[in-house]
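# Structure at a glance
One letter stands for each residue in the lines below.
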Amino acid sequence: MRMLLIHSDYLEYEVKDKALKNPEPISEEQKKGRLDEVLAVFMSVEKADETNPDEIVEKAVVEIKDVASQVKADRIFVYPFAHLSSELAKPDVALKVLQKIEERLREEGFEVKRAPFGYYKAFRLSCKGHPLAELSRTIVPSGETVS
Ligand SMILES: NCC(=O)N[C@H]1[C@@H](O)[C@H](n2cnc3c(N)ncnc32)O[C@@H]1CO
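Residues numbered from 1 in each chain as written. Predicted model: local features only at pLDDT ≥ 70, side-chain atom pairs only at ≥ 80, totals over all residues. Heavy atoms only, no water.

On to the nonpolar core, then. Counting residues in hydrophobic clusters, the biggest one holds 31 residues, and the most contacted among them are Met1, Ile64 and Ile101. Counting residues per element, the ones that place at least two in this core are β1 (2–18), β2 (32–44), α1 (53–71), β3 (75–80) and α2 (91–107). Broken down by element, this core gets its largest block of residues, eight residues, from α1. Once residues within four sequence positions are removed from consideration, Ile64 is found in contact with Met3, Leu5, Leu39, Val41, Met43, Ile76, Ile101 and Leu105. (Core = buried A, V, L, I, M, F, W, Y, C linked by side-chain atoms within 4.5 Å. Buried < 20%, exposed > 50% of the residue type's maximum accessible area, 1.4 Å probe, protein only. Helix = DSSP H or I, 4+ residues; strand = E, 2+ residues; numbered from the N terminus. Contact = heavy atoms within 4.5 Å.)

This part is about the side chain of Ser85. Mapped onto the elements, Ser85 comes out in the loop between β3 and α2. A relative accessible area of 15% places Ser85 in the buried class. One polar contact links Ser85 to Glu46, side chain to side chain, over a distance of 2.6 Å. Of the polar contacts made by the side chain of Ser85, one reaches the backbone nitrogen of Glu87; its length is 2.9 Å. Ser85 has contacts with Arg2, Ser44 and Glu46, leaving out every residue within four places of it along the chain. (Polar contact = N/O pair within 3.5 Å; in protein donor to acceptor, adjacent residues only side chain to side chain.)

Two aromatic rings are characterised by how far apart their centres lie and by the angle between their planes. Inspection of every chain in the model, using the stated rule, returns six aromatic pairs. Aromatic pair Phe42 and Tyr79: ring centres 4.9 Å apart, planes at 50°, arrangement tilted. Of this pair, Phe42 sits in strand β2 while Tyr79 sits in strand β3, placing them 37 residues apart in sequence. Owing to a relative accessible area of 2%, Tyr79 belongs among the buried residues under this scheme. Here Arg34 stacks its cationic end above the ring of Tyr10, 4.3 Å away from the centre of that ring. (Phe/Tyr/Trp six-rings, centres within 6.5 Å; stacked < 30°, edge-to-face > 60°. Lys NZ or Arg CZ within 6 Å of the ring centre and 35° of its normal.)

This part takes up the confidence of the model for the chain. In low-pLDDT regions, the fine details of the predicted coordinates are not to be read closely. Averaged over all residues, the pLDDT of the chain equals 97, while 99% of them reach at least 70. Here the predicted complex scores 0.97 on pTM and 0.98 on ipTM. (pLDDT = per-residue confidence, 0-100.)

Next up on the list: the pattern of salt bridges. Taken as a whole, this structure holds 21 salt bridges when the rule is applied. Residues Lys65 and Glu108 are paired through a salt bridge, measuring 2.9 Å at the closest nitrogen-oxygen approach. With Lys65 in helix α1 and Glu108 in the loop between α2 and β4 (111–114), the pair connects residues that are 43 residues apart, well separated along the chain. A relative accessible area of 33% means that Glu108 is categorised as partly exposed. A salt bridge links Glu111 to Arg75; its shortest N-O distance comes to 2.8 Å. Note that Glu111 is positioned in strand β4 and Arg75 in strand β3, a separation of 36 residues in sequence. (Salt bridge = Lys/Arg side-chain N within 4 Å of Asp/Glu carboxyl O.)

Inspection of the secondary structure puts Ala73 in the loop between α1 and β3. Accessibility expressed as a relative area gives 7% for Ala73, which makes it buried. Taking the C-alpha atoms as reference points, Ala73 and Tyr120, separated by 47 residues in sequence, lie 27 Å from one another. When neighbours within four sequence positions are excluded, Ala73 is seen to be in contact with His7, Leu39, Ala68 and Phe110.

So, on to the site of the ligand. The environment of the ligand is made up of 16 residues, and the closest members are Val45, Ala82, His83, Ala89 and Gly118. Contacts to the ligand include Ala82, whose backbone N or O atom sits 2.8 Å from an oxygen atom. At the level of elements, β2 and β5 (119–127) are the ones that each hand at least two residues to the shell around the ligand. Split into classes, the residues belonging to the shell around the ligand amount to 12 nonpolar, three polar and one charged. (Near = heavy atom within 4 Å. Nonpolar A, V, L, I, M, F, W, Y, C, P; charged D, E, K, R; others polar.)

As structure tokens, this is what we get:
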């Protein structure tokens, strides 16, 4: 999994069009979303993650919690983003991983939103620009190597 973490004044999105034949079903309310004072986490779930999705979920939550505590963010925006890797996991696996990460972060006490999966979306982001405001992380299942 590849993650780009941006500590932001806000992130807002608007669904524009389907990017998959069968995108995640969403309500009218989910077509737009915004969080202020948020750690935006853009995530590409990768092929290698399919060998142990549960482990990837836990490793991602550890990394996100670590960065959130460093930048003192208690809101997280989980954002599916297929542009951080050339070896993407299948959509059905990727969606489950991102849904589980959302659920686990809520269990950890964060306010969490997740942008809809399988759509082209317009988004606006205001990066705070401090030294820890732009970070990336790569996570692999045990026994795999980072390519
Ligand atoms: N910017 C817009 C966009 O990325 N749209 C992506 C994601 O929402 C989602 N998606 C599909 N596969 C994956 C994956 N492996 N990891 C993350 N998201 C995925 O499906 C869309 C088309 O690839």
